[in-house]
Amino acid sequence: MSLRIYAPASSANVSVGFDTLGAAISPIDGSLLGDVVQIDEIANGFELESVGYFVRKLPKEPQKNIVYQAYVLFSERLKLRGIGVKPLRLTLEKNMPIGSGLGSSACSIVAALVALNRFHDEPFSKMELLEMMGELEGRISGSIHYDNVAPCYLGGLQLMVESLGNISQTLPFFDHWYWVLAYPGIEVSTAEARAILPKSYTRKDVIDHGRHLGSFVHACHTHQEALAAMMMQDVIAEPYRAALLPNFAEVKQATRDLGALACGISGSGPTMFAIAPDLQTATKVAKYLEQHYLQNNEGFVHICKVDNQGARALD
Ligand SMILES: Nc1ncnc2c1ncn2[C@@H]1O[C@H](COP(=O)(O)OP(=O)(O)O)[C@@H](O)[C@H]1O
Ligand SMILES: N[C@@H](CCOP(=O)(O)O)C(=O)O
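Just so you know, these numbers come straight off a predicted model, no measurement behind them.

Engineer: Got a minute to help me understand empty space enclosed by the protein in this structure?
Structural biologist: Over the atoms, a rolled probe matching the size of one water molecule traces out where space is still vacant. With the rule as written, the count across this model stands at one cavity of 30 Å³ or more. Lining the largest cavity, in full, are N13, S15, D234, A237, R241, I265 and G267. The residue inventory of the lining of the largest cavity, partitioned by class, reads two nonpolar, three polar and two charged.

Shown next, in the form of C-alpha cells:
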C-alpha cells in the first residue's frame, strides 16, 4: 500500500487573531504550495527519507525532523490503544521554505499524521489527530498554537475555539477575496518572533484587540466584507515584529495605495499577505511586491485563495 498526502500552506493570525485565526492557502494557478508525505509499506521497521528543494534547510539529525517526531508520537498513542504501528517508510517532500510564516512545520506535521492515520485505517478522530498536531507544533515554536495546523489540516478559515471538544471551527469567509502572499526569501524563526513579544499589554490594546476580533467574526457571519477588512488590525504582534521584515511599513502602505483591502504579516513573518477584492488589483499588488519586497532569488509571490479542502490525498 502506498499513499501520498499533500498539506497546504497556511497564513496564521490574519492580523486580527493572534494564535486564534488561520487560513489554508492555495495558489490560483493550481500549483501546490505545501509539503507532501508519502507512506509505503515495507517488510520491517521504520524508514524516513527527505527530498525536495528545501531538504537542505532541514535539521541534519533525522530525529530532529518533525516528521520523525510525528511518527514517534503517533506510535506511542497507538500503543496506548493496544495497537502496534505497521512497518513503513515515510518520504517527506520538503517544498515549503522553513521559517517563512507560511506554516512550513505545520505542513510537514499535518501531512505525516494524516498519512499515518489513513495507513492505519483512521484509529484517531479529527480532534485527536489535531491535538497531536498542536503538541508537535508546540515543540518547535515554544508553545502550543493551532492556527497553522488546524487550517492546514481542515482547510478554510479556522477559529481556535478550544472548547466543548472542538479545538477549532470553520468560519464563513469571503471566498472571492484574493490573497497575495510574498515571501522575501529570508528566514524568521517563529520561536524567536514569539520571544520578542511583550509579556503583557495595556488595557487599551486589550480592548482594541477584543473589538477587532469580535467585530471581524461578526462581519464574517453577517457577510460584511468592508467591516471584516477594516477590522484586520494587529495590536498584538505586528508593532513588535514589523522590524523583522524589510521595509514593512512602506510596503504595507504601497499595497493599500494599490487597492489592497488589508495587508499584514503572515504568521510570524517574513511573508506578507495582502487581500485584494479582484484579480486586477491582486495582479498589481503581486507585481509591486515582486519588485519591492523580494530580497533574493529564493523569494516568491503567489496570488492565492483560501483552500477549503485542507490536507488531501494526491493521485
Ligand atoms: N519537517 C520540517 N519542516 C519544517 N521545519 C522543521 C521540520 N523539522 C524540523 N523543523 C525545524 O522546525 C523549525 C521550524 O521553524 P519555524 O520558524 O516554526 O518555521 P515555520 O514558521 O515555517 O513553520 C526549524 O528550526 C526547523 O529546523
Ligand atoms: N500564531 C503564531 C503563528 C506562527 O506562524 P508561522 O507560519 O510563522 O509558523 C505566531 O504568530 O507566532
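Engineer: Quick question: what am I supposed to make of helix α6 (residues 203–221) here?
Structural biologist: Structurally, the α-helix is built with 3.6 residues per turn, so residues lying three or four positions apart point the same way. In this model, α6 (19 residues) spans 27 Å end to end at C-alpha, consistent with the 27 Å of a helix rising 1.5 Å per residue. Every buried residue of α6 is listed here: D205, D208, H209, H212, L213, F216, V217, A219 and C220. One side of α6 holds all its buried residues, which, seen down the axis, span an arc of 160°. For α6, exposure combined with an orientation more than 90 degrees from the buried face picks out R203, K204, V206 and I207.

Engineer: Whenever I open this one, unusual backbone geometry confuses me. Can you help?
Structural biologist: The omega torsion of the bond from G269 to P270 falls at 10°, within 30 degrees of zero and hence cis. By the element assignment, P270 lies in the loop between β9 (262–265) and β10 (272–276). Even without being glycine, N13 reaches a positive phi, approximately 80°. By the element assignment, N13 lies in the loop between β1 (2–12) and β2 (21–27). A positive phi angle is found at S15, which is not glycine, with a value near 65°. Along the chain, S15 turns up in the loop between β1 and β2.

Engineer: Would you explain the site of ligand 1 in this entry?
Structural biologist: Around ligand 1 lies a shell of 18 residues, among which I66, K94, G99, S105 and T190 are the nearest. Between G99 and ligand 1, the recorded distance is 3.0 Å, taken from a backbone N or O atom to an oxygen atom. Between S105 and ligand 1, the recorded distance is 2.5 Å, taken from a side-chain N or O atom to an oxygen atom. Here ligand 1 loses 84% of its free accessible area of 560 Å² to cover by the protein chains. For ligand 1, the cavity whose grid points lie within 2 Å of the majority of its atoms is the largest pocket. Per-element accounting of the shell around ligand 1 gives the leading share, three residues, to helix α2 (residues 104–119). Looking at the shell around ligand 1 residue by residue, the class counts come to seven nonpolar, nine polar and two charged.

Engineer: I tried to follow the site of ligand 2 on my own but got confused; where do I start?
Structural biologist: The full set close to ligand 2 counts 15 residues, and D19, D147, R194, R241 and S268 are the nearest of them. Within the backbone of G103, one N or O atom sits 2.9 Å away from an oxygen atom of ligand 2. Interatomic distance of 3.1 Å between a side-chain N/O atom of T190 and an oxygen atom of ligand 2. For ligand 2, whose unbound accessible area comes to 350 Å², protein coverage reaches 98%. Assessed atom by atom at 2 Å from the grid points, ligand 2 resides in the largest pocket. Taken together, the residues of the shell around ligand 2 sort by class into three nonpolar, eight polar and four charged.

Engineer: Is there a simple way to think about the layout of surface pockets in this case?
Structural biologist: There is about 580 Å³ of room inside the largest pocket. In terms of lining, the largest pocket is formed by 35 residues, of which the most central are I98, G99, S105, I140 and T190. Looking at the lining of the largest pocket residue by residue, the class counts come to ten nonpolar, 16 polar and nine charged. Roughly 180 Å³ of volume is contained in the second largest pocket. V114, N117, R118, E122, F124, S125, K126, L129, Y153, L154, Q309 and A311 together form the lining of the second largest pocket. Going through the elements one at a time, α2, α3 (126–141) and α4 (149–154) are the ones with two or more residues in the lining of the second largest pocket. Broken down by element, the lining of the second largest pocket gets its largest block of residues, three residues, from α2. Residue composition of the lining of the second largest pocket, grouped by class: six nonpolar, three polar and three charged.

Definitions and limits used
Residues numbered from 1 in each chain as written. Chains lettered and ligands numbered in written order. Predicted model: local features only at pLDDT ≥ 70, side-chain atom pairs only at ≥ 80, totals over all residues. Heavy atoms only, no water. 1 Å grid on protein atoms, 1.4 Å probe; cavity = no way out; pocket = protein on both sides within 12 Å on 5 of 7 lines; lining within 4 Å. Points joined across faces, edges and corners; volume = space filled by probe spheres on them. Nonpolar A, V, L, I, M, F, W, Y, C, P; charged D, E, K, R; others polar. Helix = DSSP H or I, 4+ residues; strand = E, 2+ residues; numbered from the N terminus. Expected span 1.5 Å × (residues − 1). Buried < 20%, exposed > 50% of the residue type's maximum accessible area, 1.4 Å probe, protein only. Arc of directions from axis to C-beta. Near = heavy atom within 4 Å. Polar contact = N/O pair within 3.5 Å; in protein donor to acceptor, adjacent residues only side chain to side chain. Areas by Shrake-Rupley, 256 points an atom, 1.4 Å probe, with all protein chains shown as cover. Sits in = over half its atoms within 2 Å of the grid points.

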